[in-house]
Amino acid sequence: MMLHIILLEAAIELVPSELTSLKEIQKHSHKRKRRPNEILLDQSNHGRSMTRLEDGDRRGRPDIVLFSLQSLLETPLCKAGLLSMHIQLQDGRIVEVHPEVRLPRNHDRFVGLMEQLLLKGQVPPTGDPLLKIINKSLSELVSFLKGNSVDAITLLAIEGGQKIDMTSLVEMYPSEREVPVILGVGAFPHGDFQGNARDVFETHIELDHDVMMAWHVCSEVLWTYSLKHEIIAKRYSEA
Ligand SMILES: C[S@@+](CC[C@H](N)C(=O)[O-])C[C@H]1O[C@@H](n2cnc3c(N)ncnc32)[C@H](O)[C@@H]1O
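Residues numbered from 1 in each chain as written. Predicted model: local features only at pLDDT ≥ 70, side-chain atom pairs only at ≥ 80, totals over all residues. Heavy atoms only, no water.

Asker: An account of the layout of surface pockets is needed here, citing residue identities and associated values.
Answerer: The computed volume of the largest pocket comes to approximately 520 Å³. E159, G186, F188, V211 and M212 are, among the 24 residues lining the largest pocket, the residues nearest its centre. Taken together, the elements giving at least two residues each to the lining of the largest pocket come down to β6 (153-163), β7 (181-186), β8 (203-206) and α9 (214-228). Taken together, the residues of the lining of the largest pocket sort by class into 15 nonpolar, 3 polar and 6 charged. (1 Å grid on protein atoms, 1.4 Å probe; cavity = no way out; pocket = protein on both sides within 12 Å on 5 of 7 lines; lining within 4 Å. Points joined across faces, edges and corners; volume = space filled by probe spheres on them. Helix = DSSP H or I, 4+ residues; strand = E, 2+ residues; numbered from the N terminus. Nonpolar A, V, L, I, M, F, W, Y, C, P; charged D, E, K, R; others polar.)

Shown next as structure tokens:
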């Protein structure tokens, strides 16, 4: 698998202990018939409570991961077995996404899956995992994905990076598809990277002068990479 996408500092977490006693959270968890610390923090349900969090504007947005994964999964590149996906949670833990997972289209059902992932460590809780928390840091993951390729490229999508359009992006990808391309994209709604992403990824790229949605960045890279390697033409000729 030669294109690796890592959704960075994803705004996915269980309700933190400092909010569990608040009325809005209690009411919602009661409705869901779960303990407050077993439900996912979600801006759309807990917006008022989240104003108490210092960095509340970059947390509680599971939809960003859902939309980003939906824009990657089940695409021709993914079906060709040339795509891998990981999620870095805001506490630094890494989630491995099985390329054949079919995620629910429905937001509430996706939230349920993420809760199971955070509480049990994998989905489904037994058997072959479709989503799994793995024991690697971001830099360990990136060096693992690079393998022993000296030509591997690591790209960080970031405002203020090297300005690049789609044609130049296609040219930037290595011609041999065995050479890994590893892309990091922020999966939080506002602000900058707080962890070590800037150091872990060597080349920083800006894809537009405006802020883009994380899932648009994922799509742009997926489709330009697919074009570079003539993925669809190859799938036609193999069929
Ligand atoms: C919605 S942005 C998040 C943060 C953004 N700085 C803000 O304050 O709204 C999500 C992610 O998409 C990527 N991104 C957004 N705009 C971009 C651009 N113009 N070029 C490259 N990547 C971009 C970055 O990886 C960013 O972390």
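Asker: For the pairing of β7, give the residues involved together with the corresponding values.
Answerer: Counting buried positions along β7 gives 6 out of 6 residues, so the element sits mostly inside the fold. Burial of β7 is two-sided: the residues V181, L183 and V185 facing one way and the residues I182, G184 and G186 facing the other way are all buried. Taken together, the 6 bridges between strand β1 (residues 3-10) and β7 define a ladder with parallel strand orientation. When the bridges of β7 are listed, L3 appears paired with V181. (Buried < 20%, exposed > 50% of the residue type's maximum accessible area, 1.4 Å probe, protein only. Pairing = 2+ DSSP bridges.)

Asker: Quick one: what's the story with the sheet that holds strand β3 (residues 94-97), residue by residue and with numbers?
Answerer: Ordered by their spatial adjacency, 8 strands build an open sheet running β4-β5-β3-β2-β1-β7-β6-β8, and the pairing between neighbours is mixed. The sheet is open, and its two borders are formed by β4 (122-123) and β8, each paired with just one other strand. Of the strand pairs in this sheet, β6 and β8 are connected by 5 bridges, and their pairing is parallel. Opposite K163, over in β8, you have E206 as the bridge partner. With respect to the sheet, helix α6 (residues 138-146) is in contact with β1, β2 (83-89), β3, β6 and β7, its orientation differing from that of β1 by roughly 175 degrees. (Contact = heavy atoms within 4.5 Å. Axes fitted to C-alpha atoms, helices over the stretch in contact; angles between N-to-C directions.)

Asker: An account of the site of the ligand is needed here, citing residue identities and associated values.
Answerer: For the ligand, the set of nearby residues contains 18 residues, the closest of which are A157, E159, D208, D210 and M212. Take A157: an N or O atom from its main chain is 2.6 Å from an oxygen atom of the ligand. Between the ligand and I158 there is a distance of 3.4 Å, counted from a nitrogen atom to a backbone nitrogen or oxygen. When the ligand is considered free in solution it has 560 Å² of accessible area, and contact with the protein chains removes 91% of it. Under a 2 Å grid-point criterion requiring more than half of the atoms, the pocket assigned to the ligand is the largest pocket. Elements with a minimum of two residues in the shell around the ligand: β6, β7 and β8. Tallying contributions element by element places β6 first for the shell around the ligand, with 3 residues. Classifying every residue of the shell around the ligand gives 11 nonpolar, 3 polar and 4 charged. (Near = heavy atom within 4 Å. Polar contact = N/O pair within 3.5 Å; in protein donor to acceptor, adjacent residues only side chain to side chain. Areas by Shrake-Rupley, 256 points an atom, 1.4 Å probe, with all protein chains shown as cover. Sits in = over half its atoms within 2 Å of the grid points.)

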